[in-house]
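Here are the chains, one letter per residue:
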Amino acid sequence: MERSTAIKFRYAIGITLVSFGIVTLVILAVGLTTLTNQGLKPEEWIAMAILASIGTLLLTFGIRQVRIAERSESNSTEATNDHFKTLQNRFVEDLSKHPTIRSSTHASLQHRFANFDLGRLNLWGWLLFLATLTFLGLEIAVVVTLFAGNIDRRLMHGIGLVLLITTVGFFAAAKSLLAAVGISIWLD
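Residues numbered from 1 in each chain as written. Predicted model: local features only at pLDDT ≥ 70, side-chain atom pairs only at ≥ 80, totals over all residues. Heavy atoms only, no water.

For the rest of this paragraph, the subject is the overall build of the protein. Within the protein, the secondary structure is distributed over seven helices and zero strands. In sequence order, the protein lays out its α and β elements as α-α-α-α-α-α-α. Looking at the protein residue by residue over its 188 residues, the buried ones come to 24%. For the protein, the share of sequence-separated contacts (at least 6 apart) that also reach a separation of at least 24 residues comes to 76%. For the protein, the accessible area works out to roughly 13300 Å², and carbon and sulfur atoms hold 67% of it. (Helix = DSSP H or I, 4+ residues; strand = E, 2+ residues; numbered from the N terminus. Buried < 20%, exposed > 50% of the residue type's maximum accessible area, 1.4 Å probe, protein only. Contact = heavy atoms within 4.5 Å. Areas by Shrake-Rupley, 256 points an atom, 1.4 Å probe, with all protein chains shown as cover.)

Structure follows, in structure tokens:
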């Protein structure tokens, strides 16, 4: 069944707000790392706090719009059931075409990573995602502060790899910790 125009519009608004929120927080992280080297003045702290507030509000309202659209869409149980049956059939067909995916843990992890869908995250998932982005921003701020523009190109690639590994490790560790406590980051 086709989504109604109102639901599509609400999804579009929500995704747009989330995107602008992420961009705003990235701009905040870049601004903080740049200005930290020079020393922040009181008016710059105020500007950064306003930027952080705007980014957080955009993310919050965007996620809220997406959740409202999902609830509206789930009211139509037939459409939801048909959608899940179609996805299940497609997944089973993909597995039958590629039997190595079933037997290989590496391929399975690669398949799950390639099909990671932010739309399936619940509130805890979004908080973990935002915490991971914040962690990455803090890592970047520390690296920029330590090296202050004096960095070799090869060293920069190595640092980038370390940042990637530690960020993914942070996400995996926090997800495991939440799972140990009994909290899922996925919608049911």
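Next comes the rest of the write-up.
The biggest cluster of nonpolar side chains holds twelve residues, and these are Val-18, Leu-59, Ile-63, Leu-121, Trp-126, Leu-128, Phe-129, Leu-130, Phe-171, Ala-174, Leu-178 and Ile-185. For this core, the secondary-structure elements that each account for two or more residues are helix H2 (42–74), helix H6 (123–147) and helix H7 (153–181). Here this core takes four residues from H6, the largest share from any one element. Those residues within four positions of Leu-178 in sequence are excluded, and the remaining contacts are Trp-124, Leu-128, Ile-183 and Ile-185. (Core = buried A, V, L, I, M, F, W, Y, C linked by side-chain atoms within 4.5 Å.)

Put simply, H6 and H7 touch, their axes get as near as 10 Å, and they point 150 degrees apart. Classified by the angle their axes make, H6 and H7 are roughly antiparallel. Pair H6 / H7 crosses with right-handed handedness. On H7, the residues that touch Trp-124, Leu-128, Ala-131, Thr-132, Phe-135, Leu-136, Glu-139, Ile-140, Val-143 and Phe-147 of H6 are Leu-155, Ile-159, Leu-163, Thr-166, Thr-167, Phe-170, Phe-171, Ala-174, Lys-175 and Leu-178. Taken together, the residues of the contact of H6 with H7 sort by class into 15 nonpolar, three polar and two charged. (Axes fitted to C-alpha atoms, helices over the stretch in contact; angles between N-to-C directions. Parallel < 35°, antiparallel > 145°, perpendicular 65-115°, else oblique. Left-handed = near helix turned anticlockwise from the far one by under 90°. Nonpolar A, V, L, I, M, F, W, Y, C, P; charged D, E, K, R; others polar.)

Attention shifts here to the environment of Ala-6. Structurally, Ala-6 is set in helix H1 (residues 5–38). Ala-6 sits in the exposed class, given a relative accessible area of 55%. Between the C-alpha atoms of Ala-6 and Ser-72, which are 66 residues apart in sequence, the distance is 9.4 Å.

For Gly-119, the position within the fold is in the loop between helix H5 (105–114) and H6. Since its relative accessible area comes to 30%, Gly-119 is described here as partly exposed. When neighbours within four sequence positions are excluded, Gly-119 is seen to be in contact with Arg-67, Glu-70 and Leu-187.

Before going further, it helps to examine H2. For H2, which comprises 33 residues, the first-to-last C-alpha distance of 48 Å matches the rise-based estimate of 48 Å (1.5 Å per residue) to within 8%. Every buried residue belonging to H2 is among Glu-44, Met-48, Gly-55, Leu-59, Gly-62, Ile-63, Gln-65, Val-66, Arg-67, Ile-68, Ala-69 and Glu-70, and all of these are buried. (Expected span 1.5 Å × (residues − 1).)

A few words on the packing of aromatic side chains. A full pass over the atoms with the stated rule returns two aromatic pairs. With a centroid separation of 5.8 Å and an interplanar angle of 90 degrees, the aromatic rings of Trp-126 and Phe-129 are classed as edge-to-face. Remark: Phe-129 and Trp-126 occur in helix H6; sequence separation between them is three residues, near one turn of the helix. Of the two residues, Trp-126 and Phe-129, both sit in the buried class. For the pair Phe-135 and Phe-170, a centre-to-centre distance of 4.5 Å together with 5 degrees between the ring planes defines the contact as stacked. Taken together, the residues span a long stretch of sequence, with Phe-135 in helix H6 and Phe-170 in helix H7 at a distance of 35 residues. By relative accessible area, which is 26% here, Phe-170 ends up partly exposed. (Phe/Tyr/Trp six-rings, centres within 6.5 Å; stacked < 30°, edge-to-face > 60°.)

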